[in-house]
Amino acid sequence: MDKLKVLEKVLDNASIEMLQKAQDDCVDTCFDRADTQKNQCGFGRTGVCCRICHLGPCRITPKAPKGICGATVDTIVARNFLREVTGGASAHSDHGRHIVLKLREVAEGKAPGYSIKDERALRRAADQYGVEQEGREANEVALDLVKVFMNEFSEQEETLKTLTLAPQKRQAIWENLGIKPSGIDRMAVEAMHRTHMGVDHDYKNLLQHAFRVSLTDGWGGARVASIASDILFGTPAPVKSRANLGVMQKNTVNILVHGHEPSLSDILAVAVADPEIKEYAKAAGAEGITLAGICCTANEVLMRRGIPVAGNFLQQELAIITGAVEMMIIDVQCCMPSLPDVAAHYHTEIISTLDIAKTIGAAHVNVEKGDTLEAAKGLVKRAIDNFKNRDAAKINIPKDTAPLIAGFSVDAIKYMLGGRYRASFRPLNDAIMQNRILGVAGIVGCNNTKMKSDEYNNILTAELIKRNVLVLQTGCTAISSAKAGMLVPEIALEIAGTGLREVCEAVGIPPVLHMGSCVDNSRILEAATEVVLEGGLGDDLSAVPAVGVAPEWMSEKAITIGCYFVASGIDVILGNPFYVAGSEKVNSYLHDGCRAEFGASFHLIEDPYQAVDRIIELLNKKRDALGINRKTERKMFDMKDRRAM
Ligand code: MSK
């Protein structure tokens, strides 16, 4: 791959440098494999390949318009779509289940190394879910809350309790549409049943179940995951840190955590701070230990502990190519199976840690049972032992890093806006009503080798804050913004529009708020709900001037997230298409027809500047409907205004 080609694939200097190094070191990366896979299957891309039964595989063409069983293209495309949504919901929800089970172990006193870190979060959740608290110890309350959460997975008939956290009007819409889901597990099994050969053939019925399943994620498993994580590991609050490959250091032992679940990574943060472990590292000739993260495990430990972020999704291989990673510890989701192949060129050890997620070539160390802190210390010592195996000639850590502020949970935003005793979303609602802030965009998702990594994310984010749109981010998109220096308040002074800048200055927040990992997209729904409950911006999520955007998405989880945003009444812009183009009916239902039901739909816009225009148009429509789109007289904030805020 020559220099020009490298420049087409990645945006930031650190990634450019490492992709060039990959060529020098003869390492095959996802960028090379994307070239090898260039002529991607048109049948797969348009969703018209059916391999659900063994009469096929069948591929729909004008000459062969039906599968052998008689399935139409609409049935086939809708079935494939529903299975993708179920994959995404299952990933988030199973993550949530693991955290809930950990919470149970902790409450039963069976998880050494863990504790209930945030009793306030526990009590708040107990209130929300109606768990009796009067005179009861935290552990007792936690055990009852765990029972409620476990029931969210196993409930057969009643609807999910977590749905009741949505605005009343939205709940009524779901009720009328008949898409209120019952238990998470049941809905996933039903999805697989419906899509089995010879069951549900009505494309609309299948798509409705896709939206129903998506609700088990955003208003079910993902929300439960965030709540349980906050109880166990602490509710995030603003924290400073840095992002990009340059967070690794030449003279320290570098350990990277990668994946999604915080159970081990949070304990690893404790292990690396242990004095005995620090001594062990010094004895091995290292100046210390650097713990950093990739993808959403990174976001989890960043949000709560300020652990630096080494990179986002498409940087996972590039991080190893620095030649300076002693160990990469992986858990679940978004960890490429290629990691051990890349690591084989260097001294890096890849360690998988959960029995449901093994990778050929990775050493497997189960950390789920027994004393996790001891297991974490064992892993750190093993990484330290590997320090001596470095090949100095192969080490090149890019210098690039950028400062950031993360940790904007809904609780933290409320506190920032209103202070400890008046914590509320009122100032945000007022700023939207007064046209200082045009609206809110939740920009989420991944990177994708189909586009230049981070480019769409960053153009869109910068252009929106210029136009006074407050941006909420999660996942790998937030890491894109971090690398580009957009997660610090100073950026507001430099590029944000006047109104947004005034609000950011008055409150002391960046114009782009990092709200967590991809499972934390439920926090965006929570924030939007707070806006509705605060009043003045309509009585449903569909009324709020807010949009969701998934610019560079790639995973099934992103599809599910998009669906639960739309089902919640929030329009979603996609930077690249779903695999549904083969069915005009499915395509048009998702991008238009479902608006009649949910008040929102998907919009495929592959150019970031056009996406900005559409977003502004959508926000303005909402503002018009609310009657708040009048021009307000421009007025600079004085100290009195700032205090009032
Ligand atoms: S890690 S799902 S690449 S956001 Fe959550 Fe990043 Fe997307 Fe994975």
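Residues numbered from 1 in each chain as written. Predicted model: local features only at pLDDT ≥ 70, side-chain atom pairs only at ≥ 80, totals over all residues. Heavy atoms only, no water.

Trainee: How would you summarise the overall build of the protein if you had to cite specific residues and measurements?
Mentor: Counting its regular elements, the protein contains 28 helices and 16 strands. Computed over the C-alpha atoms, the radius of gyration of the protein is 24 Å, within 12% of the 26 Å expected from 2.2 N^0.38 for a compact globule of 645 residues. Judged by the C-alpha coordinates and their principal axes, the protein covers about 70 × 65 × 55 Å. Summarising the internal contacts of the protein: among those between residues at least 6 apart in sequence, 75% fall at separations of at least 24. (Helix = DSSP H or I, 4+ residues; strand = E, 2+ residues; numbered from the N terminus. Rg over C-alpha atoms; globule rule 2.2 N^0.38 Å. Contact = heavy atoms within 4.5 Å.)

Trainee: Describe the packing of helix α6 (residues 119–128) against helix α10 (residues 203–233), and please don't skip the residues or the numbers.
Mentor: Between two packed helices, what matters for the description is the angle formed by their axes and the separation of those axes. For the pair α6 and α10, the least separation of the axes is 8 Å and the interaxial angle reads 145°. Across the interface between the two elements, Ala-121, Leu-122, Ala-125 and Gln-128 of α6 pack against Arg-223, Ile-227, Asp-230 and Ile-231 of α10. (Axes fitted to C-alpha atoms, helices over the stretch in contact; angles between N-to-C directions.)

Trainee: Describe the site of the ligand, listing the residues and the values that go with them.
Mentor: Contacts to the ligand come from 13 residues, most closely from His-260, Cys-296, Cys-334, Cys-446 and Cys-476. By residue class, the composition of the shell around the ligand is eight nonpolar, four polar and one charged. Shared between two domains, the shell around the ligand holds at least three residues of each, these being domain 3 (247–394) and domain 4 (407–626). (Near = heavy atom within 4 Å. Nonpolar A, V, L, I, M, F, W, Y, C, P; charged D, E, K, R; others polar. Domains from an automatic or database assignment.)

Trainee: Break down the domain arrangement of the protein for me, with residues and values.
Mentor: Here the domain parsing of the protein yields domain 1 (3–59), domain 2 (73–233), domain 3 (247–394) and domain 4 (407–626). Distance from the C-alpha centre of domain 3 to the C-alpha centre of domain 4: 32 Å. Contacts between the two partners involve 16 residues from domain 3 and, on the opposite side, 22 residues from domain 4. Interface of domain 3 and domain 4: buried area, both sides summed, is about 1,400 Å²; carbon and sulfur atoms make up 66% of it. Of all residues in domain 3, Met-303, Asn-312 and Leu-314 bury the most surface against domain 4, accounting for 43% of the area lost on that side. Summed over the shared surface of domain 3 and domain 4, the number is zero salt bridges. Summed over the shared surface of domain 3 and domain 4, the result is 13 residue pairs in polar contact (both at pLDDT 80 or more). Looking at the side of domain 3 that touches domain 4, the elements with two or more residues in it are α13 (295–305) and β6 (309–311). With seven residues, α13 is the largest single contributor of residues to the side of domain 3 that touches domain 4. Of the residues belonging to the side of domain 3 that touches domain 4, the class tally is eight nonpolar, six polar and two charged. (Buried area = accessible area lost by both parts, 1.4 Å probe. Salt bridge = Lys/Arg side-chain N within 4 Å of Asp/Glu carboxyl O. Polar contact = N/O pair within 3.5 Å; in protein donor to acceptor, adjacent residues only side chain to side chain.)

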